[in-house]
Structures are given as structure tokens and as C-alpha cells.
Amino acid sequence: MKKIECTLLIILAFLTANSYGDIIFTEYPQAKIRVRITNLSDFPDIVLVGCSDCMAVSKSKRAYVVQPDSCLEVHKACPLTIYAVKKDYFEKKNLKKIKWEKDQHVISSNLTVSAKTFDTTSLPIHTVELDFNIAGFNDSIMILYQTKRVNKFNDGRNTVRHFDYEGDLSKLRKNFD
């Protein structure tokens, strides 16, 4: 009888430990955050990959190839980092086999987009679209800068804000080695 009680107690403890799955985290914004690289066609010899850095059980990051004029969605709890790799190297390797932070053939960007940085909980914003351009490359990173931000509100209104590059383009290369 004592074994049955202990077993039931352990099972009950296990079941109640997982009962917090219906709690919604409110510190993250409700709006969708989308990122687009608008001048990717100006760099035909590179492939851009967006990696989501989630606190997942697996050790690997989720990697997505950035397509021209398409958006990558930034998940609420997963920051997005953009990496560049030469197209010929990318075609030799597999997307999942490249170690994005350690591979010497990969260059990271100066940008990590996190949904936490956008305070959209107080405004009725449905979607935030962020357009970025590649300014160029220096010795260690790819420089991306924001060109446009579009806030799409729940009532159908949109606000658009444009940005210019404030750095010195003469210090950047058009490709990386």
C-alpha cells in the first residue's frame, strides 16, 4: 500500500510541475516584428542567413536563408542575428552544418534584432516592419543599417519613418574576404 501512495505522489508531483503551460508572458510585445534586407540583390556573391537564438533544448540555432524582398519574422523570445557567407562556400556546406558563430568563412553583422526592444504593448500595433540595407564590410563585421520602419496599427493606419546611414561609407568594403 505504501508503494502505491508513493508512486501516486510522484506522478501527481510530476503532473503539477508541468501545469504552468497556460501562462502567457506579457513582457514581450504583441506585435509581429519583421525584418527585410532591401539591397541584397546588390551583393550577388553572398548569402545572408538569419539565426534565431532561442533558449531551446537543442544546442543548434534555427537558421533561415534571407531571400531578396522577403521578410524574416523575429519571434517574441528569440533574437535574430544576420550572418553573411560567400555563396560558393555556402553551396559546398549544408545550412545546418555551418557553425555560425565559429566558422571563419562566416561574418556576423553589427545587428541583432530582439522583439523585446520594441514597446508595442501600449500601442495597438499589429506589425512592425524593419527594412535594412547592407552598408558594407570591415575587417570583422558586416554593417547593416536601418532604412525604414513601418508601424502597422490594428485600425489600418500605417506610420512610416525613414533613416539614413550616419557612418562613413569610404571606410567600408563592398565584399568580404
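This part covers the confidence of the model for the protein. This prediction gives the protein a mean pLDDT of 82; 82% of its residues lie at or above 70. By mean pLDDT, the top-scoring element of the protein is strand β9 (residues 158-162) (95), and the lowest-scoring one is helix α1 (residues 2-17) (74).

For the rest of this paragraph, the subject is the pattern of salt bridges. In the structure shown here, the tally under the stated rule is 6 salt bridges. A salt bridge links arginine 36 to aspartate 131; the shortest N-O distance between them is 3.0 Å. Taken as a pair, arginine 36 in strand β1 (residues 32-37) and aspartate 131 in strand β7 (residues 125-137) lie far apart in primary sequence, 95 residues in all. Given the relative accessible area of 18%, arginine 36 is considered buried. Residue classification places aspartate 131 among the buried residues on the basis of a relative accessible area of 5%. Aspartate 131 serves as the salt-bridge partner of lysine 148, at 3.8 Å between the closest nitrogen and oxygen. Residue lysine 148 is found in strand β8 (residues 141-153), and its partner aspartate 131 is found in strand β7; the two are separated by 17 residues along the sequence. Classification of lysine 148 as partly exposed rests on a relative accessible area of 25%.

Within the secondary structure, glutamate 129 sits in strand β7. Note on glutamate 129: relative accessible area 12%, which makes it buried. Among residues more than four places away in sequence, those in contact with glutamate 129 are Arg34, Arg36, Lys148, Arg149, Val150 and Lys152.

Before going further, it helps to examine the pairing of β9. As paired elements, β8 and β9 share 5 bridges and run antiparallel to each other. Bridge assignment links asparagine 151 to a residue of β9, and that residue is threonine 159. What sits between the antiparallel neighbours β8 and β9 is a turn of 4 residues, in which glycine 156 has the positive phi angle 100 degrees.

This paragraph deals with the packing of aromatic side chains. For the structure shown, the criterion picks out 3 aromatic pairs. Ring centres of tyrosine 83 and tryptophan 100 lie 6.0 Å apart, and the angle between their planes is 35 degrees; on these two criteria the pair is classed as tilted. A residue pair is termed long-range when its members are at least 10 positions apart, and tyrosine 83 in strand β5 (residues 80-86) and tryptophan 100 in the loop between α2 (87-92) and β6 (106-113) qualify at 17 residues. The burial state of tyrosine 83 is the same as that of tryptophan 100; both residues are buried. Centre to centre, the rings of tyrosine 145 and tyrosine 165 are 4.9 Å apart; their planes meet at 50 degrees, and the pair counts as tilted. Taken together, the positions of tyrosine 145 in strand β8 and tyrosine 165 in the segment after β9 put the pair 20 residues apart, joining distant regions of the chain. The side chain of arginine 157 reaches across the aromatic face of phenylalanine 153, ending 4.3 Å from its centre.

About the cut-offs
Residues numbered from 1 in each chain as written. Predicted model: local features only at pLDDT ≥ 70, side-chain atom pairs only at ≥ 80, totals over all residues. Heavy atoms only, no water. pLDDT = per-residue confidence, 0-100. Helix = DSSP H or I, 4+ residues; strand = E, 2+ residues; numbered from the N terminus. Salt bridge = Lys/Arg side-chain N within 4 Å of Asp/Glu carboxyl O. Buried < 20%, exposed > 50% of the residue type's maximum accessible area, 1.4 Å probe, protein only. Contact = heavy atoms within 4.5 Å. Pairing = 2+ DSSP bridges. Phe/Tyr/Trp six-rings, centres within 6.5 Å; stacked < 30°, edge-to-face > 60°. Lys NZ or Arg CZ within 6 Å of the ring centre and 35° of its normal.

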